[in-house]
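Geometric and topological summary
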Amino acid sequence: MARTPLQRPRGTQDILPADQPYWRLMQQAAERLAVRYGYRKIDTPIFEATELFSRSAGDASDIVLKEMYTFTDRGERSLTLRPEGTAPIVRAYFEGGLTEEPQPVRLFYIGPYFRYGRPQAGRFRQLHQLGVEVIGDDDPGLDVEAIQLAWSWFKELGLSGIGLQVNSIGDEVCRPAYRELLRDYYRPLLPQLCADDQVRFERNPLRMLDCNVPADQRFKADAPRIVDHLDAACAAAFEAVKAGLRGLDIPFALNPTLVRGLDYYTRTVFEGWHESLGGAQNALVGGGRYDGLAAELGFRSTPGMGFAIGLDRTAVILKQERPGESDGLDVYAVTVSAEDRGQVIELASTLRGHGFGVIVDAGEARLDAKLRKADRRGARLALIVGPEERAHGQAILRDMRDKEQVSVGYGELPAAVGKRLDGRV
RNA sequence: GUGGCUUUAGCUCAGCUGGUUAGAGCAUCAGAUUGUGGAUCUGAGGGUCGAGGGUUCAAAUCCCUCAAGCCACCCCA
């Protein structure tokens, strides 16, 4: 049981400074779009009563069966680190009285989630998601809106190569009959199927449709498709979703075998992938409608629609498609001799007072070494003060991009810096 | 959770069939007749060779256990 001391727990990650610009981009894109679409932010606790998840996701779902971080606190309560966001949001919707606001209520959230599984590239025990929920209306137009929002977010980040797939899995009215139809189809094939499918046959036959075992693929083509067995209401809703997406020029593919792992989904389900993500960890976004969830949790029956985007995986793609994003330091201020220190510190302080980002380097190193650091650190401007400059009450402002530099009096410095920085003041 | 592969400096990797003070490139820091960057050259710092145990005169190198990472499955973000 020897344990390597002091390393991060399995399946977690440090988001180091070099990666933070990408996380900032993702968060800022989310907040810009939220405003544009009228979604308001909500935060819920990192842990919840275990029952919230076991009742919503379904006792037989993998999340409940083997992926939850569950613990008992000192008051003997069973609590669980949230494995997903929808159930807590729905809980908060009722508990926080959002039922009394104009419906539907549009919400978004961003934060960490926890699932106990074997880690892999792009799959963590502490993962990060951006999610959106629209609660209180079953209008298919909201399904379209949510999917458009997810699509827009990727576009906002400048990402392409996302493939969207859409399906409808019916509701509690028409799905039971289809489920039996599927069982009838697979029953004679059962002996030939993989062990997992044997279990799924009893537990959740729909999941047999997205089995990845190569040998089982040949049976899928002839399996009955749920889109052919929707009742009138579900079929009409699905048509409306498809028409809405086409009207907005959002490209998508129909995937009749797309089902979702959580029991609470009804009607519209969708997922998005990115071509460049390797292996099985290429799902970037997933979501759907969950008209039965509120009732399942014991609240008044209320429809809802939402999705979650995986930020960890999106960050990987962002990095490879937009390398070199930096923190955008404004000014790297250096001394030439030891006597310049006081003046440089004062000038830096003044600039900070005007809102500029400034690093002071008053070290002993040579000037070229300091400028090298300014460059590596990604500073836009270098501020140089030596004995000569001080004698004239001036400082040198050097633009690190085009190497142009000017001498400016101390009093003119903030304006000169602002002018160089695209007119900022 | 199941199966497999991997683990040497911050990063990417050498290190042959076990043999003296463990190497390279990049990165970091410093210097190149001492006030101007991204190049070049020189030098320096940095490793309990994932951890623990075993075999041996001797282990980064062989054996066992554990841990972590990766790949497939499971599942999904």
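Residues numbered from 1 in each chain as written. Chains lettered and ligands numbered in written order. Predicted model: local features only at pLDDT ≥ 70, side-chain atom pairs only at ≥ 80, totals over all residues. Heavy atoms only, no water.

Among the nonpolar cores identified, the biggest contains 89 residues, and Trp153, Tyr186 and Phe307 are the most heavily contacted of them. Setting aside its immediate chain neighbours within four residues, Phe307 contacts Tyr109, Leu130, Gly131, Val132, Glu133, Ala146, Leu149, Ala150, Phe270, Val285, Gly286 and Gly287. Grouped together as the second largest cluster of nonpolar side chains are 18 residues, Ala333, Val344, Ala395 and Val408 included. (Core = buried A, V, L, I, M, F, W, Y, C linked by side-chain atoms within 4.5 Å. Buried < 20%, exposed > 50% of the residue type's maximum accessible area, 1.4 Å probe, protein only. Contact = heavy atoms within 4.5 Å.)

On to empty space enclosed by the protein, then. In this structure the tally under the stated criterion is three cavities of 30 Å³ or more. Its volume calculated, the largest cavity comes out at about 70 Å³. Put simply, the parts of the chain that give the lining of the largest cavity at least two residues each are α1 (20–37), β6 (126–135), α5 (140–156) and β11 (304–310). Per-element tally for the lining of the largest cavity: the top contributor is α1, with three residues. (1 Å grid on protein atoms, 1.4 Å probe; cavity = no way out; pocket = protein on both sides within 12 Å on 5 of 7 lines; lining within 4 Å. Points joined across faces, edges and corners; volume = space filled by probe spheres on them. Helix = DSSP H or I, 4+ residues; strand = E, 2+ residues; numbered from the N terminus.)

Before going further, it helps to spend a moment on the pattern of salt bridges. With the rule as written, the count across this model stands at 27 salt bridges. For Glu95, the salt bridge is made with Arg91, and the minimal N-O distance between the two is 2.9 Å. Remark: Arg91 and Glu95 occur in helix α4 (residues 86–95); sequence separation between them is four residues, near one turn of the helix. The exposure class assigned to Arg91 is buried, which follows from its relative accessible area of 16%. (Salt bridge = Lys/Arg side-chain N within 4 Å of Asp/Glu carboxyl O.)

Right, let's get into the packing of helix α2 (residues 50–57) against α4. For any two helices packed against each other, the geometry is given by the interaxial angle and the distance between the axes. Closest axis-to-axis distance for the α2/α4 pair is 9 Å, and the angle between their directions is 110°. The angle between α2 and α4 falls in the class roughly perpendicular. Residue-level inspection shows Leu52, Phe53 and Ser56 of α2 in contact with α4, the latter providing Ala87, Pro88 and Arg91. (Axes fitted to C-alpha atoms, helices over the stretch in contact; angles between N-to-C directions. Parallel < 35°, antiparallel > 145°, perpendicular 65-115°, else oblique.)

Attention shifts here to the packing of helix α11 (residues 341–353) against helix α14 (residues 413–420). Where α11 contacts α14, the axes come no closer than 10 Å and their chain directions differ by 60°. In terms of axis orientation, α11 runs oblique to α14. Of the two possible hands of crossing, α11 and α14 adopt the one that is right-handed. Contact residues: Leu347, Thr350 and Leu351 in α11; Leu413, Pro414 and Val417 in α14. Split by residue class, the contact of α11 with α14 holds five nonpolar, one polar and no charged. (Left-handed = near helix turned anticlockwise from the far one by under 90°. Nonpolar A, V, L, I, M, F, W, Y, C, P; charged D, E, K, R; others polar.)

Applying the stated rule across the entire model yields 10 aromatic pairs. Seen in terms of ring centroids, Tyr69 and Tyr116 are 5.4 Å apart; in terms of plane orientation they differ by 70°. Their pairing is edge-to-face. In this pair, Tyr69 sits in strand β3 (residues 69–72) while Tyr116 sits in the loop between β5 (105–114) and β6, placing the two residues 47 residues apart along the sequence. Of the residues examined, Tyr69 reaches a relative accessible area of 26% and is grouped as partly exposed. Aromatic ring contacts, followed pair by pair, group Tyr93, Phe94 and Phe299 into a single cluster. Directly above the ring of Tyr116 sits Arg125, whose terminal nitrogen or CZ lies 3.9 Å from the centroid. Over the aromatic face of Phe201 sits the side chain of Arg183, whose NZ or CZ is 5.8 Å from the ring centroid. (Phe/Tyr/Trp six-rings, centres within 6.5 Å; stacked < 30°, edge-to-face > 60°. Lys NZ or Arg CZ within 6 Å of the ring centre and 35° of its normal.)

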